[in-house]
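Fold and contact review
Read off the chains here:
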Amino acid sequence: MQLRQKNKYRRIEEFLRERNCPNFRMKQLLNAIFKERIDKFNDMNVLPKSLRELLVKEFGETILDVVPLKEQHSEQVTKVLFGISGDEKIETVNMKYRAGWESFCISSQCGCSFGCKFCATGDIGLKRNLTSDEMTDQILHFHLLGHSIDSISFMGMGEALSNVQVFDALDVLTDPTLFALSPRRISISTIGIIPSIKKMTQNYPQVNLTFSLHSPFNEQRSKLMPINIRYPLLDVLDTLDEHIRITSRKVYIAYIMLPGVNDSINHAKKVVSLLKGRYKSGSLYHVNLIRYNRTVRSPFRFAEVDESRVVHFYKELKASGLNVTIRSQFGMDIDAACGQLYANYQESNKQ
Ligand code: SF4
């Protein structure tokens, strides 16, 4: 069984307590990190020099455990490849919207074991789960650089709900003494890990949930996403209905439009019948249709997107009364699909 580890903020607190430091030292330290945006312990002048030296000795020069290795920029998107312990790498995407809103897509695992057929990260395989610190540090990096953290989605590398440390990361991100983010600004994306969805319902009802559907046909979904054999589609939808009933929160459905695979009118009709037959006639589901992004490395490569099929699919769902949006191809010019920067980095390092 995977156990939750203590995050660094708890470890620092204990470290100070063991050295009989007054309670306000922890407050000063958190103030330096979160208000003054100071990353190096030695630059936290509010702390006595002797304490700064002890902190450096125990925790290293900086509060950050992740190291930025490479950045790619386009007009609205920045993608950062971070180094983590064990010589592994993870990716984070920062998106800037015109209204000034900044959103972040973070990784929860290094690689992934679930092997979805359209996904570059699945092709890497699972290297390891990230710690809570490695997840929250992806955000801390941007915070320390002065970015405003408006929304976060766990939609980078990995299946968030298969890593128990994600729950600690949620606690840290929403802790009023740390990141102090509203849970409503955080989204978790899942391929349908039922026990963890139930945990979200009970313990994190305000965090947004996105379910990756990608096919309304059970058999086809099992081929595209092997997790469907363990947690079949209808069982997941029943769990999501229960989530909506208990939390009164909307659930998002992600649907990647794979050309010639799942973008037919039959698929659209089946999505309609699946969702309209659910709690409150599916009015608390919101379907996001996502144009397929041809990946650099993935087990299968699909054809270019047929725009007319995307539009027909959208119209079928809309006409039924379902909530539906077509998502833009944000970040395609810098390979912003999960796992792509990692894959390119590995390739370039071989040369
Ligand atoms: Fe893993 Fe998500 Fe990719 Fe599936 S889509 S292989 S769960 S990262």
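Residues numbered from 1 in each chain as written. Predicted model: local features only at pLDDT ≥ 70, side-chain atom pairs only at ≥ 80, totals over all residues. Heavy atoms only, no water.

1. Things to note about the overall build of the protein chain
When you go through the protein chain residue by residue, the secondary structure sums to 13 helices and twelve strands. Relative to a compact globule of 351 residues, whose C-alpha radius of gyration would be 20 Å, the protein chain shows 21 Å and is just as compact. For the protein chain, the C-alpha atoms occupy an extent of roughly 70 × 50 × 45 Å along the three principal directions. In the protein chain, which comprises 351 residues, the proportion classed as buried is 54%. Considering only residue pairs separated by 6 or more positions, the protein chain has 66% of its internal contacts joining residues 24 or more positions apart. (Helix = DSSP H or I, 4+ residues; strand = E, 2+ residues; numbered from the N terminus. Rg over C-alpha atoms; globule rule 2.2 N^0.38 Å. Buried < 20%, exposed > 50% of the residue type's maximum accessible area, 1.4 Å probe, protein only. Contact = heavy atoms within 4.5 Å.)

2. Regarding the environment of aspartate 168
You can see aspartate 168 is positioned in helix α6 (residues 165-174). As for aspartate 168 and glycine 277, which are separated by 109 residues in sequence, their C-alpha atoms are 35 Å apart.

3. Let's talk about the nonpolar core
By size, the foremost hydrophobic cluster in this structure holds 99 residues, and its most contacted members are Phe154, Leu170, Phe179, Ile188 and Leu317. Shared between two domains, this core holds at least three residues of each, these being domain 1 (8-59) and domain 2 (67-350). Beyond its immediate sequence surroundings of up to four residues, leucine 317 is in contact with Ala268, Val271, Val272, Val287, Leu289, Leu322 and Val324. (Core = buried A, V, L, I, M, F, W, Y, C linked by side-chain atoms within 4.5 Å. Domains from an automatic or database assignment.)

4. Thoughts on the sheet that holds strand β12 (residues 323-327)
As summarised here, the arrangement of the ten strands in space is β1-β2-β3-β4-β7-β8-β9-β10-β11-β12, forming an open sheet in which the pairing is mixed. The open sheet terminates on both sides in strands that have one partner only, identified here as β1 (67-73) and β12. Strand-to-strand, the axes of this sheet are offset by a mean angle of 20 degrees, without reference to chain direction. The pairing of strand β10 (residues 251-257) with strand β11 (residues 285-291) spans seven bridges and is parallel. Within β11, the position partnered with alanine 254 by the bridge is asparagine 288. Taken strand by strand, helix α5 (residues 132-144) contacts β1, β2 (77-84), β3 (88-96), β4 (102-105) and β7 (151-154), and its axis lies near 45 degrees from that of β3. (Pairing = 2+ DSSP bridges. Axes fitted to C-alpha atoms, helices over the stretch in contact; angles between N-to-C directions.)

5. Quick word on the environment of glutamate 71
The residue glutamate 71 is located in strand β1 in this model. On the basis of relative accessibility, which here comes to 39%, the residue glutamate 71 falls in the partly exposed class. Between the C-alpha atom of glutamate 71 and that of leucine 170, which follows or precedes it by 99 residues, the distance is 26 Å. In this structure, glutamate 71 is in contact with Thr78, Lys79 and Val80, ignoring residues within four places of it in sequence.

6. Looking at the pairing of strand β9 (residues 208-212)
Counting buried positions along β9 gives five out of five residues, so the element sits mostly inside the fold. On β9, burial covers both faces: Asn208, Thr210 and Ser212 on one face and Leu209 and Phe211 on the other are all buried. As judged from the four bridges shared by strand β8 (residues 186-190) and β9, these two strands associate in the parallel manner. If you follow serine 189 over to β9, its bridge partner there is threonine 210. By the bridge criterion, four bridges tie β9 to β10 in an arrangement that is parallel. Residue pairing across strands places serine 212 opposite alanine 254, the latter belonging to β10.

7. Some remarks on the pairing of β4
Where burial is concerned, the two faces of β4 agree: the one with Glu102 and Phe104 and the one with Ser103 and Cys105 are both buried. Two strands pair when backbone bridges link them, and β3 and β4 are joined in this way by four bridges, in the antiparallel orientation. Note on β4: the bridge partner recorded for lysine 96 is glutamate 102. With three bridges joining them, β4 and β7 adopt parallel strand pairing. Within β7, the residue paired with phenylalanine 104 across the bridge is isoleucine 152.

8. With respect to the pattern of salt bridges
Counted according to the given criterion, the structure contains 17 salt bridges. The shortest N-O distance in the salt bridge between arginine 245 and glutamate 242 comes to 3.1 Å. Of this pair, arginine 245 and glutamate 242 both sit in helix α10 (residues 233-247), three residues apart, which is roughly one turn of the helix. Through salt bridges with shared partners, a single ionic network connects Lys8, Asp65 and Asp137. (Salt bridge = Lys/Arg side-chain N within 4 Å of Asp/Glu carboxyl O.)

9. Section: the domain arrangement of the protein chain
A common measure of how large an interface is: the accessible area buried when the components associate. One can read the domain layout of the protein chain as domain 1 (8-59) and domain 2 (67-350). Here the C-alpha centre of domain 2 lies 35 Å away from the C-alpha centre of domain 1. Across the contact, ten residues belong to domain 1 and twelve residues belong to domain 2. When the area that domain 1 buries against domain 2 is broken down by residue, the three leading residues are Tyr9, Phe34 and Arg37, summing to 57%. Where domain 1 meets domain 2, there are two salt bridges. Arginine 11 is the salt-bridge partner of aspartate 133, the closest N and O atoms lying 3.5 Å from each other. On the surface where domain 1 and domain 2 come into contact, there are six residue pairs in polar contact (both at pLDDT 80 or more). (Buried area = accessible area lost by both parts, 1.4 Å probe. Polar contact = N/O pair within 3.5 Å; in protein donor to acceptor, adjacent residues only side chain to side chain.)

10. Structural notes on the confidence of the model for the protein chain
For the protein chain, per-residue confidence averages 90 on the pLDDT scale, and residues scoring 70 or more make up 90% of the total. pLDDT under 50 marks residues 331-341. Its contacts with residues more than four places away, or in other chains, come to 46 contacts. (pLDDT = per-residue confidence, 0-100.)

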